[in-house]
Amino acid sequence: MSTFDGLRRVFRVAGIRRDVKTDVEEELDFHFQMTIEELESQGMTSAAARTEAYRRFGDVRRYRKTLERTDRKKVNMDRLTESLFVFRQNVGYSLRGMGRSPGFTIAVIATLALGIGANATMFGIIDRLLLQPPAHVADAGQVRRLSAHGHWNSGEAFDFTYLSYPDFTDWQAAESFASVAAYSQDEWTIGRGDGAARVSVGLASGTFFQLLGVQPQLGRFYGPAEDQPGQSQVAVLSYGYWQRQFGGDASVLGRALDCGRGSYTVIGVAPEGFTGLELDAVDVWLPLEAFFVEAGSDNRRDRRTSYWLHIIARLNSGVDLAAAAAEATHLHRAGRAEVIDAGRYGRGDARIAVSPIQTARGPQASQESIVSRWLAGVSLVVLLIACANVANLLLARAARRKKEIAVRLALGISRRRLIGELLTDSVMLAMFGGAAALLIAWWGGEVVRTVLLPDVAWVDSPVDSRVLVFTTALALLTGLMAGLVPALQASRPSLTSELKEGAREGRARRSGTRLALLVAQGALSVVLLVGAGLVVRSLQRAESIDLGLVPDGVLVARLELKAGDPAREEVNRIHERGLERLRAMPAVERASVGGGIPFMWGSIADLYVPGFDSLPSVARPGPFIDAVWPDYFATMGSAVLRGRDFSEADYAGSMRVAVVNEAMARGLWGDEDPLGKCLQIGSDNAECTYVVGVVANRRHHNLLRQEWVYFIPLTQANDLWPVALFVRGTGDQNQLAAMVRRELMADDEAVRYAVVAPLQDIIDPKLRYFRLGATMFTVFGLLALLVAGLGLFSVLAFNIAQRTHEIGVRTALGASSGGIVKLVMRQALSLTAIGLAIGLAIAFVAAGTLQPVLYETSPRDPLVLIGVGLTLLLVSVVAAALPASRAARIDPIAALRSE
C-alpha cells in the first residue's frame, strides 16, 4: 500500500468518477496497514501486530457502512454541484446565442408555440371529456352507466343509452348494485310573466346524490322519501345559479321556487362545479317525481317503450363487472319478456353494458367527443411537423458552426459535454415556446370551448394546473426531440476538413437528414390537408340535405301551462285559442299544431301492417309517428306528393286516416299505390288507419339518415297531445318570436309562459360537429401547410447561402439567371413531389379511419386528393420564389471573392 493510494482520498481531481465502496475499502486498508507497521516498529511480531490492529479497529463493518454513507453523500453533492455549474454555463451560453440571433430565436419559438399551443388547447378539452371524473363524485370508479345493446330481427344493431322508468325500478333489485339512480335533464321556466326565465333542470331520483357521495355546499339534498307521489316538493340549487340569482345568500333555504307548473321549496345548494354526470350546466335539481307532476300524466312511469332516462349504479364491493352486467341483462330481459317473445324487441339478445360514467367514453360517445379525439391526434401531427421544422433550423445553425465546434473539440471539450450544451439550447428554446404556448392555449381554449362544446359547464380556466404540467412536460419532450438529431450530428464533425483554413469545395455538402425532415413535413401536411378536405366536403353535403321541410322562417312555440292537471280537451282548446290569435297576426303567413318537434321530440308506437310479419330493418329506429292539425305540411314547407292533407273533417270518430312520407310508402308497398292502405297503430287488432296522402321524405329524428315517418290527425290520437305550435312568418325572426310570445301569453290565464325559437336553432346543433371538424381540420391543415412552407423556404435559403460559390462559378461559366431559377425550383418541386407522394400514400391507406366523421363522402375522394396535391405544389412554388430570385441575383465576382 503506497502513501499516494492513501492520500488520493484527500487530493482528488474534481470531475473524476469514483467508486465509493472501493474508496472506503482502500482507506480502511490503508489505516489498517499503517497501524500494523506502527506496532511492528514498537517491537511486536507481525502476527501480534495484526491481532492488536483487529482489536483496536473493532467492528469494521459498521465503520465501513458509516464511511460509505458519508462518502456517498459527498460524492452525490459534488456531482450535483458540478451538474448545476455545467447547466448554468449551458443556459448562459444558450441565452447569449439567442441574443446574437434574434430572428432565428423568434422563428423557432413561434413554430414551437404553435405546435405546443395546439396540443395544450386540445389536452384541456380531452382532459375534461375523457380523463377527469365528474366533480365531487366519491370513488368514481365504482359508479357505472347502464345502457342496452342488441340486434333487431334484421340483424341491425341497436344501442339505447336512454332507458325507461321500469328499467330503473327493475335494477333496484339487483344484488350487484349497492344503489341505482336515474336522472334526466330538461329546460323549465322559473317565475311568471315578464320576469320568467328558462333554466336548466336536473330531474334526479332520490337515490342520486347519495349514490354519487356528493356533499352539499349548503343545506341538504333530498332523498328517496321525498321522491314519492304526493310528497312535499323540494329543490336543490346549483352553486352557479345560487350565486347568480341569490348572490350566495344563505337565507335562500326555505324559499319557494316557482318552477314549471309547481312551487318547490329550496332545501340545499350543490357544491361548486357539480353538474351531475353530464357536462351540461344544471341550474336546479328536482326530484324525478316532479317530472310526472309537470307532465300531468304517469304514462311514462309504466311504459317500457318510453326511453328518456339515464340510469347509473354503484357497484357493491368485490363485484365483477361481467357478473354485474350479466345480472342487469337478466333483469332487463325479464322485464321485456312479453315484447321479446312477440319479436318486438329484436332477437332477444339485448345485453346491458356497465360502462364508465364519462359520457364521452361510453358506448355511444357524442359526435363532438369523437371529433375532439380526432383533433387531439391532428394537433399532435402539427407538433411533429413543428419539431421537424425546428430540427431543420437547428441543423442549419449547426452547419454554420461546424468550424467553431471542430475547434472546441480539438481543444478538449468532451463530446458528451457538447451534446449536453446543444440539447440545453434546444430545450431552452422549447421552454420559451411552451411559455408562449400557454398564451395560445388560454385564448384558443376559450374559442374552442365556445365552438366545440358551448353547452358544457366550464368552471375552470383553460389553463389549469393539469394543462400547465402537460405543457411543461410536452415542451421539455419537444425540445429533446427537436434537438437530439442536430446535437448528435453536430458533435461528430470531420476535424481535419473543418480545420483546414481556406478549404474550398466546388459544391456545398447537402444534408440528407435535413432533406428527409423537409419531406416528412410535406407528407404530414398532405395527410392533414386531405383530412380537412374530406370533412369540408362532408359539411357541404350535410348542409345540402333535403330535410323534407323548409326551416327558414318557421318558429316553434311551446306553451307552458299553469298549475293543475288540464284534460286533453282543455289542452286542445288552449292551443286552438293560441292558433287563432297567431293566424290573425299580419306577419304570420301560416300556423299549425303538432304533437312532436322535428329533431327534438318524437314518438314511436307499435305499428302493424297487414301482409308483413315484421317491418323491414330500414324502419329502425322507427317508424316515427307525429300527430298534427290541418295546414301543418304547408306551414312546415313539406310538399304533399300524392293524395291529400288533413282537414277539419278528420275529427275524432270519423274514418281514421294517416299521411306517410315517401320513403315509408316505397319501403312498404314499392310501386303499388299507397293510398287506401291499412296501418294498425298500437296493436295487431287495432282499427285500420287508412293512408290518404304521401309527403316528401321527411327527416324527423336523425338529420343524416332517411327515416320512416307517418302522421295522423291530433283529433284522432289517443296518446299524443299537442306539444308545439309552428308558425311561418315574414320579417326578422327574433322580432317575430318576441311578438308571438307576447301574443300567446296575452289574455290567456292558462298559459304561464311561451318558449319561442326558430326551427333552424334546433337543426343547427345537429351539424355543429361537422362545422367544428371542418373548421378545426382546416385551421390545423393550413397551420401545418404554413410551417411546411416556411421549412422549405428556410432549407432553400440556407442551401443558396451554402452554394454561393458554386452558383458564382456557374454564372461565370455562362449560366443564365433563368437557368439558376430553374435549378432552385427543380430542387423545391422534387422535394415537394416526394413528400406529396408519401403523404398521399399514407392518406390513401389510412383514409378508412376517418369514415366515422364523414357523411356521404368517400375517404379517398379524388377531387380532395387532387386539390391537396395542387395546393402543396403551389405553396412550394411560392416558398421557393424568394430563394430562387436571390440566387439569380448573385454577383459571380463577389461570390468568388467571398471564399
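Rules and cut-offs
- Residues numbered from 1 in each chain as written.
- Predicted model: local features only at pLDDT ≥ 70, side-chain atom pairs only at ≥ 80, totals over all residues.
- Heavy atoms only, no water.
- Helix = DSSP H or I, 4+ residues; strand = E, 2+ residues; numbered from the N terminus.
- Buried < 20%, exposed > 50% of the residue type's maximum accessible area, 1.4 Å probe, protein only.
- Contact = heavy atoms within 4.5 Å.
- Areas by Shrake-Rupley, 256 points an atom, 1.4 Å probe, with all protein chains shown as cover.
- Patch = residues over 30% accessible without salt bridge, like charges linked within 9 Å, V, L, I, M, F, W, Y side chains within 5 Å.
- Salt bridge = Lys/Arg side-chain N within 4 Å of Asp/Glu carboxyl O.
- Lys, Arg positive; Asp, Glu negative; His and termini not counted.
- Charge placed at Lys NZ, Arg CZ, Asp CG, Glu CD.
- Axes fitted to C-alpha atoms, helices over the stretch in contact; angles between N-to-C directions.
- Parallel < 35°, antiparallel > 145°, perpendicular 65-115°, else oblique.
- Left-handed = near helix turned anticlockwise from the far one by under 90°.
- Nonpolar A, V, L, I, M, F, W, Y, C, P; charged D, E, K, R; others polar.
- pLDDT = per-residue confidence, 0-100.
- Disulfide = S-S within 2.5 Å.
- Phe/Tyr/Trp six-rings, centres within 6.5 Å; stacked < 30°, edge-to-face > 60°.
- Lys NZ or Arg CZ within 6 Å of the ring centre and 35° of its normal.
- Core = buried A, V, L, I, M, F, W, Y, C linked by side-chain atoms within 4.5 Å.

Caption draft 1: A look at the overall build of the chain. Scanning the chain from N- to C-terminus turns up 28 helices and 23 strands. Residues counted as buried form 49% of the 899 residues belonging to the chain. Residue pairs in contact within the chain that sit at least 24 positions apart in sequence constitute 80% of those at least 6 positions apart. By element, 57% of the accessible surface of the chain is carried by carbon and sulfur atoms, the whole surface being about 41,200 Å².

Caption draft 2: The arrangement of a positive patch on the surface in detail. Residues Arg61, Lys65, Arg69 and Lys73 make up a contiguous surface patch of positive charge. Along the chain, Arg61 falls in helix α4 (residues 60-100).

Caption draft 3: How the structure looks around the packing of helix α19 (residues 568-583) against helix α22 (residues 733-745). Their axes nearest at 9 Å, the elements α19 and α22 cross at an angle of 135 degrees. With respect to their mutual orientation, α19 and α22 come out oblique. Here α19 runs over α22; the crossing is right-handed. Across the interface between the two elements, Gly578, Arg581 and Leu582 from α19 touch Val740, Glu743 and Leu744 from α22. Grouping the constituent residues of the contact of α19 with α22 by class yields 3 nonpolar, 1 polar and 2 charged.

Caption draft 4: View of the environment of Arg466. For Arg466, the location among the structural elements is in helix α16 (residues 465-490). Given a relative accessible area of 40%, Arg466 falls into the partly exposed group. When sequence neighbours within four positions are dropped, the list of residues in contact with Arg466 reads Phe123, Asp127, Leu131 and Gln132.

Caption draft 5: Region of the structure containing the confidence of the model for the chain. For the chain, the mean per-residue pLDDT works out to 80, and 88% of the residues sit at or above 70. Confidence drops under a pLDDT of 50 for residues 1-17, and excluding neighbours within four residues, the segment shows 15 contacts in the predicted structure. Contacts from residues 501-508, a stretch scored under 50 in pLDDT, to residues over four places away or in other chains number 11 contacts.

Caption draft 6: Structural detail: the pattern of salt bridges. Taken as a whole, this structure holds 19 salt bridges when the rule is applied. The partner of Arg244 in a salt bridge is Asp283, and the shortest N-O contact between them spans 2.8 Å. Placement of the pair is Arg244 in helix α8 (residues 239-246) and Asp283 in the loop between β8 (262-269) and β9 (284-287), with a sequence separation of 39 residues. Sharing partners across several salt bridges, the network here consists of Asp167, Asp170, Arg304 and Arg336.

Caption draft 7: Summary view of the state of the cysteines. Scanning all chains against the criterion turns up 1 disulfide. Across the disulfide, Cys678 is cross-linked to Cys688 (sulfur-sulfur distance 1.8 Å). Of note, the bridge from Cys678 to Cys688 carries an S-S torsion of about -90 degrees and is left-handed in sense. Of this pair, Cys678 sits in strand β19 (residues 678-681) while Cys688 sits in strand β20 (residues 688-695), and the two are 10 residues apart along the sequence.

Caption draft 8: Just the packing of aromatic side chains, in detail. Under the definition given, this model contains 22 aromatic pairs. Arranged with centres 6.2 Å apart and planes meeting at 45 degrees, the rings of Phe209 and Phe274 form a pair that is tilted. Linking Phe209 in helix α7 (residues 208-212) with Phe274 in the loop between β8 and β9, this pair joins segments that are 65 residues apart in sequence. Each member of the pair, Phe209 as well as Phe274, is classed as buried. Each member of the aromatic cluster is reached from another via a ring pair, and the members are Tyr183, Phe208, Phe209, Phe221, Tyr222, Phe274 and Trp285. Note that Arg336 overlies the ring of Tyr345, its terminal NZ or CZ placed 5.1 Å from the centroid. Directly above the aromatic system of Phe844 lies the positively charged group of Arg860, at a separation of 4.8 Å from the ring centroid.

Caption draft 9: Focus on the packing of helix α18 (residues 512-543) against helix α26 (residues 817-846). It is the contact of α18 with α26, at a shortest axis distance of 7 Å, that shows an interaxial angle of 50 degrees. Taken as axis vectors, α18 and α26 run oblique relative to one another. Our pair here, α18 against α26, has a crossing hand that is right-handed. Counted together, Leu515, Leu518, Val519, Gly522, Ala523, Val526, Val527 and Val530 of α18 and Gln827, Leu831, Ile834, Gly835, Leu836, Ile838, Gly839, Leu840, Ile842 and Ala843 of α26 form the full contact between these two elements. Of the residues in the contact of α18 with α26, the class split is 14 nonpolar, 4 polar and no charged.

Caption draft 10: Looking closely at the nonpolar core. Judged by nonpolar contacts, the single largest core of 71 residues is most densely connected at Leu375, Val530, Phe711, Leu759 and Phe780. The dominant element in this core, judged by the number of residues it contributes, is helix α24 (residues 768-802), at 11 residues. Leaving out residues up to four positions away in the same chain, Val530 has contacts with Leu840, Ala843, Val864, Leu865 and Val868. Among the nonpolar cores identified, the runner-up in size contains 48 residues, and Ala148, Trp152, Phe160 and Trp171 belong to it.

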